[in-house]
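Examining the three-dimensional arrangement
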Amino acid sequence: MKMSTLLSLLLSAGLLLSPSVLWAKKNLDLSGVPLELRNDLIRRYPFVETDKVSLEQIDEVIRFLQLRPQFNRVQVIDAPDSSSYKIQFDYARNIGFVKIQGAKSLSNFESESTFAIKSGDVFDQQELIEQGEKLRQLYQDKGFLNASIDIEMPPGAVNTVDVLVKVTENKKTRISKIIIQSPNENLNKKLHKEIKGYIYEDYTDKELGELTKDMRKYLAKNHYVRADITGPSLEFNSDESLIQLTYRVDKVDRYTFQANGMRFVNRGDILDSLDLENYNFASSAVGADLSQKIKALYLSKGYARVEINVEEKATEKAFEHEIVFNIEEGPQIKIENIIMGGRFSKPPKYYIDFIEEHSSKVIADHFYNKDDFDIGLRNLTLELQNNGYLLAKVLSTRSQYNKTRDKVTLYVNIDEGPLTKVEAISFEGNTAFPEAELLKVTNLKIGALRLNQIENAVAEIKNYYQERGYIEMLLLNERDDLVRYDDNNTAATLHFKIYEGPQVHVASIILEGNTFTKDSVLLHELEFKDGDLVTPAKLEESIARLQRTGFFSSVEIKTLEEKTNVANRTMLIKVTERDPGLFLLGIGATNERKLTIRGYAGIAYRNLFGTGRGVSLRLEGNYNVPDIRYLESRIVLGYIEPYIFETRVRGRINITRSQEVTDYDLKQVTEVNSTTYSFEKDFTSHILGVWDIWSLATYRDFGLDDTYPEEYKLEQNIATTGPSVDLDFRDNPFVPTKGTLTRVNAEYSTPDIGSSSTIEYWRSTASLTLYNLIDHWQKQPVVWANQVRGGYIKNLSSLANGGIPWDKKGFTLGGRSTVRGYEAGTQEVFPNKEDLGTDKYFLTTESSMFLIKSELRFPVYGNLGGAVFYDGGAVLIEDLEFEKSYRASAGFGVRYNTPVGPLSLELAWKLDQRPGESPWRFHLAIGTF
């Protein structure tokens, strides 16, 4: 407790306990309280406006006021006329201006956000010291070991303190030399070559950690399995601008490994089981230790009689040893039978099936591994106890081999013991909810005891209280005597001792850390406001919403009065701001049309003037090297208005200009100038809704040379409006392993909103992608991904020449994003121009599309993975007959995971190749579906 708080409490207590006013109740004079605070006080404590107040009530008021940052001391005195009590304040001094000088190596935003004190904050000398230390630590993290921070407070106004932060950066310390010392000179040279890139880098803890990590990685990868790194020892130059690092490496023998005698287990699995890249062993008994890993591999496959002998010898090379594992695999022991004995209530098959399903894959496949079988027995015992057989135990086990010792019969003797029954369920400490209501919440009933049901009941009753505002509710006997048994363990009573705590409401909200972002931005994203109940769900969603803005690197929400009996609480929202500026630059290539170079650059500012508004500019370019040789371009200018009409609805404007080759045979380029106005809203952290209020795109077709037909040079306007919804329940947006992604879109176009007179249509699309985590292999996920897409479009124009331009809004399949194995932009797509009967097709009826994609993704090594896939789909057009409306492909791919998604190399074969088509296509790109 602050000394000022304690003093004010003592003063108020002394006043109220003085002989003249002992326990006297009087009105509270609020005339000296600022209006905003007075309203907050009356809302929290209505009695201060209408009733005479007691000692306890005045203490509550003082505690509340003392938490307000603008006051240094609060006290209650007897008013001059002795008819009421009067509140007096000593106002805290506030920070006037804050100026940081000398921070040349930091941006203004970086220095100001680190030294998180701004004009208007309450003056706290200790806080100044702590923020200065944070700034000094930032410099140290950037390699300025000798940076100094001096804080001066020049005289200011009476109630303000000005802060001048003087930064003396001094020279940055860089790594000038790295010395590796060990008896193995060859290793010294190789290690130095591995880490020489760190020379002239900044000397920081991060760089030092990365350097040591790279050394250890090299040693492990090259089988220096006993190597031990010590250091570095440090040597600075005179002004500490340069530093020399010296490392000592001991136990520098390199090991090679040879395995003999394998018949059924391959060498690759054996080397993987050694896990040499993560292995470091101080003892000299390397072979004996690693042989146990190989033995564990064999046992996990059912080779229960495997024997491994180890030989270790020096090679002709210095500092090198060879370890040879001589393996006697023996037979793979098959479980011929499991025979249950003892006292139990269900058919033997129930227990046998449970053991097989709850031990390991090798047992499930009916091969023997004693340790795995014992795991199954332990799980069986636990299952019986969870189902009320508290005294259940395995009495004995026995194994009996056949004559050839390649099969085994396992004998298991168990005793379930008596079934324990629940005779009574009671509650203590519940005042907010009656016992009958809580009993219904728990789903517990008198009868057989199920321990897992008790665990569920505990979770349900906690959730029931917390979602109704009792966020500090506790079960006092959850770990002790919630379940009470009789002497024979055949009967039990359940007794819930509940501490409800207060039902917490929001009395006020305090924001901290938003030095740049305006308070209104944070308040818009919160799931609660003054007077609302506080629940864990609201707190979690508020944190998630604040994080999704992208404005903050950390978010914390808590109540100032936590673990007290105060029901109306002050919510403290603490954030750390990010730099709102963002710059992106990238270049890549795909094998589209043999070789296409792609590049992009983008700049964005996501928090204009701290209001949450954002602007962005993105430039993209494609250049097909061997064929088209035309620079395709796309420029997108965007603006976002975050809170339309003071709601969470975002308004977005996108202005786009692009030039793209849309027909490689005709060498046709389509120029598009579009403007889109849309509203969007995050309904939850998983559901996004968008409505394009109005979008107008002007299309102009022209050719790259004089051979382009004059009649094809068209200019068309397509104006649309319509909604779209995303339901994203994936566990990761870049490399998902489980969950679903659903997208639904609809649009309507008519001349009434700006389309060309011949264009009026309705169009909709939908897709569902399902990710199933099948298993793990080498600690990496095996994922089966499936996607279904569908689409429908209908011409609504009644004009004789009315129709939908197919190359702008029609459905076309073929290419990496739809059906792999078919080259986008060529006659391999379907329907192609031959199917449609013309180069320029206009849909006058209706069309539908469906597409399926199925892919099994599996790890290979590290970040490298593989995939096998099948794609198939069809486009149907009323009044048009296609020879083959459904087309499909199958293939395999290689994936390398990157932070922005996997780099994919895929080879796909057409399953229904047409004359003149290539039988297969190769695709290279970033990302998957």
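Check the entry above for the structure.
Anyway, here's the lowdown on the structure attached to this text. (Residues numbered from 1 in each chain as written. Predicted model: local features only at pLDDT ≥ 70, side-chain atom pairs only at ≥ 80, totals over all residues. Heavy atoms only, no water.)

1. A closer look at the environment of E641
Here E641 shows up in strand 27 (residues 631-641). C-alpha of E641 to C-alpha of G612: the two residues are 29 residues apart in sequence and 7.6 Å apart in space. Setting aside chain neighbours within four positions, we find E641 in contact with R613, V649, R650 and G651. There is a polar contact of 2.8 Å between the side chain of E641 and the side chain of R613. Among the polar contacts made by the side chain of E641, one reaches the side chain of Y639 at a distance of 2.5 Å. (Helix = DSSP H or I, 4+ residues; strand = E, 2+ residues; numbered from the N terminus. Contact = heavy atoms within 4.5 Å. Polar contact = N/O pair within 3.5 Å; in protein donor to acceptor, adjacent residues only side chain to side chain.)

2. Concerning the packing of aromatic side chains
One pass over the structure, following the stated rule, counts 19 aromatic pairs. Between F264 and Y303, the aromatic rings sit 6.1 Å apart at their centres with planes inclined by 20 degrees, giving stacked as the arrangement. Pair noted here: F264 is in the loop between strand 10 (254-260) and helix 9 (267-274) and Y303 is in the loop between helix 10 (286-300) and strand 11 (307-314), with a separation of 39 residues, a long-range link. With a relative accessible area of 54%, F264 lands in the exposed category. A relative accessible area of 5% places Y303 in the buried class. With centroids separated by 5.1 Å and ring planes inclined at 85 degrees, the aromatic side chains of Y350 and Y351 adopt a geometry described as edge-to-face. Through pairs of rings, three or more aromatic residues link up here, namely F433, Y464, Y465 and Y470. Taking the ring centre of Y401 as reference, the NZ or CZ of R405 above it sits at 4.5 Å. (Phe/Tyr/Trp six-rings, centres within 6.5 Å; stacked < 30°, edge-to-face > 60°. Buried < 20%, exposed > 50% of the residue type's maximum accessible area, 1.4 Å probe, protein only. Lys NZ or Arg CZ within 6 Å of the ring centre and 35° of its normal.)

3. Overview of the nonpolar core
Within the largest apolar cluster, 24 residues are counted, with the highest numbers of intra-cluster contacts made by L494, F496 and I498. For this core, the secondary-structure elements that each account for two or more residues are strand 16 (421-428), helix 14 (435-442), helix 15 (451-466) and strand 20 (491-499). With 6 residues, helix 15 is the single largest residue contributor to this core. With sequence-adjacent residues up to four places away left out, I498 is seen in contact with F427, E428, G429, N430, L438, I461, Y465, M473, L474 and L475. (Core = buried A, V, L, I, M, F, W, Y, C linked by side-chain atoms within 4.5 Å.)

4. Some words on the sheet that holds strand 10
With mixed pairing, the 3 strands of this open sheet are ordered in space as 10-12-11. Each edge of the open sheet is held by one strand with a lone partner, namely strand 10 and strand 11. Averaged over neighbouring strand pairs, the angle between their axes works out to 20 degrees when direction is ignored. Relative to strand 12 (residues 320-328), strand 10 runs parallel, the two sharing 7 bridges. Paired with F257 across the bridge in strand 12 is I323. Across the sheet, helix 9 touches strand 10 and strand 12, and the angle it forms with strand 10 is around 140 degrees. Of the strands in this sheet, strand 10, strand 11 and strand 12 are in contact with helix 10, which crosses strand 12 at around 35 degrees. (Pairing = 2+ DSSP bridges. Axes fitted to C-alpha atoms, helices over the stretch in contact; angles between N-to-C directions.)

Read these as geometric descriptors, not functional statements.
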